[in-house]
Amino acid sequence: MTNPVLENLKTRRSVRKYLPRQVEPEKLDLILEAGTWAPTGMGMQSPVIIAVQDPQTIQRLAQLNARIMGNSGNPYYGAPTVLLVLADQERGTRVEDGSCVLENMMLAAHSLGLGSCWIHREREMFASDEGKELLSRWGITKPLVGVGGLALGYPDGDLPQPKPRKEGYVVKIL
């Protein structure tokens, strides 16, 4: 049996090289909307999604993330769009909520012919003074914690091949 949703799940891969072509507004809006439909604890919708396409801001984010990582590379792999997911620090399900948002957006991006890669260190980035200053400049004043980010854009090359599924991944108790 084939199913387009399951095929999308099976064929999505993390992309680490992007064409310089920017994501069109219509596609970006669909991806962001998909994020807003992610399940959240008690339906509280604790995450906030920040879409960044300004090259100077992406460069600043990349430098901040790389400093935390301890190197000078571009953690966003040169993607023309970066999506940041933060969540209300008071919600006990903030990490789970933000993770669902990120997954929804990755799957939506793949279904639209775009590539994405989950990026870490947003927690440390937005706990820093520089990260807090960025949030303030963007008009975000409520206390949020970084959950993750997405590099987003058109893949430059073929998608990576999947690894075989491991033995014992699923245990059925029938």
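Residues numbered from 1 in each chain as written. Predicted model: local features only at pLDDT ≥ 70, side-chain atom pairs only at ≥ 80, totals over all residues. Heavy atoms only, no water.

A word on the packing of helix H3 (residues 55–69) against helix H6 (residues 129–137)
The criterion, for reference: To obtain each axis, a line is fitted to C-alpha atoms, and for helices this fit is confined to the stretch in contact; angles are then taken between N-to-C directions over 0 to 180 degrees. A run of DSSP states H or I qualifies as a helix once it reaches four residues; a run of E qualifies as a strand once it reaches two. Both are numbered from the N-terminal end. Roughly parallel covers angles under 35 degrees, roughly antiparallel covers those over 145, roughly perpendicular covers 65 to 115, and oblique covers all other angles. Helix crossings fall into two classes, left-handed where the near helix is turned counterclockwise from the far one by less than a right angle and right-handed where it is turned clockwise. In what follows, a contact means two residues having at least one pair of non-hydrogen atoms within 4.5 Å.
In the contact formed by H3 and H6, the axes pass within 11 Å of each other and the chain directions differ by 155°. Viewed along their axes, H3 and H6 adopt a mutual orientation that is roughly antiparallel. Of the two elements, H3 crosses H6, and the hand of that crossing is left-handed. Residues Arg60, Leu61, Leu64 and Arg67 of H3 lie in contact with H6, whose contacting residues are Glu130, Gly131, Glu133, Leu134 and Arg137.

With respect to helix H4 (residues 94–111)
Quick reminder of the rule: One less than the number of residues in a helix, times 1.5 Å, gives the span that helix is expected to have. The buried label applies to any residue whose accessible area, calculated with a 1.4 Å probe on protein chains only, is under 20% of its type's maximum; exposed applies above 50%, and partly exposed to all values in between.
Between its terminal C-alpha atoms H4 stretches 26 Å, which fits the 26 Å expected from 18 residues at 1.5 Å a residue. Three or more residues of H4 are buried, namely Asp97, Gly98, Val101, Leu102, Met105, Met106, Leu107, Ala108, Ala109 and His110. The inward-facing, buried residues of H4 contact helix H1 (4–11), helix H2 (25–36), strand S1 (47–52), strand S2 (81–88), strand S3 (115–119) and strand S4 (144–153). Of the residues one or two after H4, glycine 113 is the one with positive phi, at around 85°.

A few points about the side chain of aspartate 88
The condition is simple: Charged-residue counts in this description rest on Lys and Arg as positive and Asp and Glu as negative, His and the chain ends being excluded. The rule for a salt bridge is simple: a side-chain nitrogen of Lys or Arg has to be within 4 Å of a carboxyl oxygen of Asp or Glu. Polar contact is defined as a pair of N or O atoms within 3.5 Å, subject to the rule that within protein one atom must be able to donate a hydrogen and the other to accept it, and that residues adjacent in sequence are counted only when both atoms are side-chain atoms.
In this structure, aspartate 88 sits in strand S2. An unpaired buried charge is present at aspartate 88: no salt bridge exists, and lysine 142, the closest side chain of opposite charge, is 4.5 Å distant. In this structure the side chain of aspartate 88 is engaged in a polar contact, spanning 2.8 Å, whose partner is the backbone nitrogen of glutamate 90. Setting aside anything within four residues of it in sequence, one finds aspartate 88 in contact with Ser46, Arg94, Pro143 and Leu144.

Regarding the pattern of salt bridges
For the structure on display, the rule yields six salt bridges. Between arginine 67 and glutamate 130 there is a salt bridge, and its shortest N-O distance comes to 2.5 Å. In this pair, arginine 67 is assigned in helix H3 and glutamate 130 in helix H6, connecting sequence segments 63 residues apart. The class of arginine 67 is exposed, set by a relative accessible area of 51%. A salt bridge links arginine 137 to glutamate 133; its shortest N-O distance comes to 3.3 Å. Highlighted residues: arginine 137 and glutamate 133, both in helix H6, separated by four residues, approximately one helical turn. Take glutamate 133: its relative accessible area is 35%, and that puts it in the partly exposed class. A single salt-bridge network, built from bridges that share partners, covers Arg60, Arg67, Glu130, Glu133 and Arg137.

Considering the environment of leucine 30
Along the chain, leucine 30 falls in helix H2. Expressed as a C-alpha distance, the spacing of leucine 30 and methionine 105, which sit 75 residues apart in the sequence, is 8.8 Å.

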